[in-house]
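Inside the fold
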Amino acid sequence: MRRLIVNADDFGLTAGVNRAVVEAHTHGIVTSSTLMANGRAFDDAARLAKTAPRLSVGCHVVLIDGEPVLDAKRLPSITSASGASFRDELKSFAIRALAGRLDSAEIEAEASAQIRKLQSSGIGVSHVDTHKHTHLFPAVLRPLLRAAQACGVHAIRNPFGPRKPLKSSELLTRPNLWARYAEVRILSTLAAKFRDEVKCEGMVTPDGTLGIVVTGALDEKLFRGIAAIIPEGTWEFVCHPGYNDDDLKSANTRLRASRETELRVLTMPQARELLLQQGIELISYRNLIPSGTAP
């Protein structure tokens, strides 16, 4: 059996992203989304989520870029020297995480605050993941698991991909993906630790993710290539649909025109047909949650 969750990240970033997420759900293959509690269009996203009852909504926990939900003065290990916002540089965040320079209590408190903000808005939070996949680091994963459990959330993204990558021919023709692919392969050494930690906490997670390597480059050809290599089990396809409007142009993101391309891919009729031909069942995070614990 092959099952696929299609999760749209960055819900709440802008009104245009919000509109695209709902369109990709109602007219396409998106089954789940993760909402940014500190997104500038959070209120709009929370309102739209209630108009799409079949869309599974999780919390896109942000620990890098933007401003925290809690007072930044309470979070010195994860905020900038000015004390007003998170650090913007992923590589420096990774170094601090691997060097043990992040305070787990700060991460747990901020993650809890973000999850509870969604819940206070009437959203049944089905799962958690993190902006830029920072929870692949154990220093972030452990406090995030504690925060999720304390908030009654029982599912989390597995940010590690399958062992079988895209066909070499796809990678060879996309030199812009080489560095990203190398980074993902190096970080995959943390995958076993991730699975052990999640199992120990009694949480559920898919077998892994697809789409991270091609973030910002996804098109119909790459989507077809990914659909052809989905292994047995339950997997998550990560996507970022949106509209490249004035709001997005002023947002702190490198993904701009690519979001409209992704929206077209996710809503094309061939996308659903291709998955059906491959024998892949579309599900949402709600399908992973044990009965009696659904949000």
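Anything mentioned here points back to the structure above.
Scope of this entry: the structure provided in the associated data block. Fair warning: this is a prediction, and the values are worked out from it, not measured in the lab. (Residues numbered from 1 in each chain as written. Predicted model: local features only at pLDDT ≥ 70, side-chain atom pairs only at ≥ 80, totals over all residues. Heavy atoms only, no water.)

**With respect to helix H9 (residues 220-227)**
Condition: Partly exposed residues are those whose accessible area sits between 20% and 50% of the maximum for their type, while under 20% is buried and over 50% is exposed, using a 1.4 Å probe and protein chains only. Helix and strand assignments follow DSSP, with helices taken as H or I runs no shorter than four residues and strands as E runs no shorter than two, numbered in order from the N terminus. In protein, a polar contact means a hydrogen-donor-capable atom and an acceptor-capable atom, both N or O and within 3.5 Å, with residues adjacent in sequence counting only if both atoms are side-chain atoms; elsewhere, any N or O pair within 3.5 Å suffices.
Restricting attention to buried positions, one finds in H9 the residues Leu 222, Phe 223, Gly 225, Ile 226 and Ala 227. Sitting at the head of H9, Asp 219 places a side-chain oxygen 3.3 Å from the backbone nitrogen of Lys 221.

**Here we look at the pattern of salt bridges**
Counted only if it meets this: Any Lys or Arg side-chain nitrogen located within 4 Å of an Asp or Glu carboxyl oxygen qualifies as a salt bridge.
Inspection of the entire model under this criterion finds 10 salt bridges. Note that Arg 259 is salt-bridged to Asp 10, the shortest N-O span being 2.9 Å. Here Arg 259 is found in helix H11 (residues 257-267), whereas its partner Asp 10 is found in strand S1 (residues 2-11), with 249 residues between them in sequence. Of the two residues, Arg 259 and Asp 10, both sit in the buried class. Here the residues in one salt-bridge network are Asp 9, Asp 129, Arg 157 and Glu 236, joined through shared partners.

**With respect to helix H4 (residues 104-120)**
The test is simple: In this scheme, a helix's expected span is set at 1.5 Å multiplied by one less than its residue total. Residue contacts are counted whenever heavy atoms from the two residues lie within 4.5 Å of one another.
When the terminal C-alpha atoms of H4 are compared, their 24 Å separation across 17 residues agrees well with the 24 Å that a helix rising 1.5 Å per residue should span. Among the residues of H4, those classed as buried are Glu 106, Ile 107, Glu 110, Ala 111, Ser 112, Ala 113, Gln 114, Ile 115 and Leu 118. Here the buried face of H4 lies against strand S2 (32-35), helix H2 (42-49), strand S3 (56-61), strand S4 (128-130) and helix H5 (138-150). Between the side-chain oxygen at the start of H4 and the backbone nitrogen of Ala 105 there is a gap of 2.8 Å, and the oxygen is on Asp 103. Looking one or two places after H4, you find Gly 122, whose phi comes out positive at around 90°.

**Remarks on the packing of helix H1 (residues 15-26) against H2**
We count it as follows: Between N-to-C directions, angles cover 0 to 180 degrees, with each direction set by a line fitted to C-alpha atoms, over the stretch in contact for helices. Roughly parallel refers to an angle under 35 degrees, roughly antiparallel to one over 145, roughly perpendicular to one between 65 and 115, and oblique to any angle outside these ranges. The hand of a helix crossing depends on one turn: near helix anticlockwise from the far one by less than a right angle means left-handed, and clockwise means right-handed. Three residue categories are used. Nonpolar comprises Ala, Val, Leu, Ile, Met, Phe, Trp, Tyr, Cys and Pro, charged comprises Asp, Glu, Lys and Arg, and polar comprises the others, including Gly.
Two numbers describe how H1 lies on H2: the axes approach to 9 Å, and their chain directions differ by 20°. On the basis of their axis angle, the class for H1 and H2 is roughly parallel. The way H1 lies across H2 gives a crossing that is right-handed. Contacts between H1 and H2 pair Ala 15, Asn 18, Arg 19 and Val 22 from the former with Asp 44, Ala 45 and Leu 48 from the latter. Along the lines of polarity and charge, the residues of the contact of H1 with H2 split into four nonpolar, one polar and two charged.

**Observations regarding the side chain of Asn 158**
With respect to the secondary-structure elements, Asn 158 resides in the loop between H5 and helix H6 (168-172). Of note is the side chain of Asn 158, whose polar atom sits 3.1 Å from the backbone nitrogen of Phe 160. At 3.3 Å, the side chain of Asn 158 forms a polar contact with the backbone oxygen of Pro 206. If near-sequence neighbours (up to four positions away) are discounted, Asn 158 is found in contact with Phe 194, Thr 205, Pro 206, Asp 207, Gly 208 and Thr 209.

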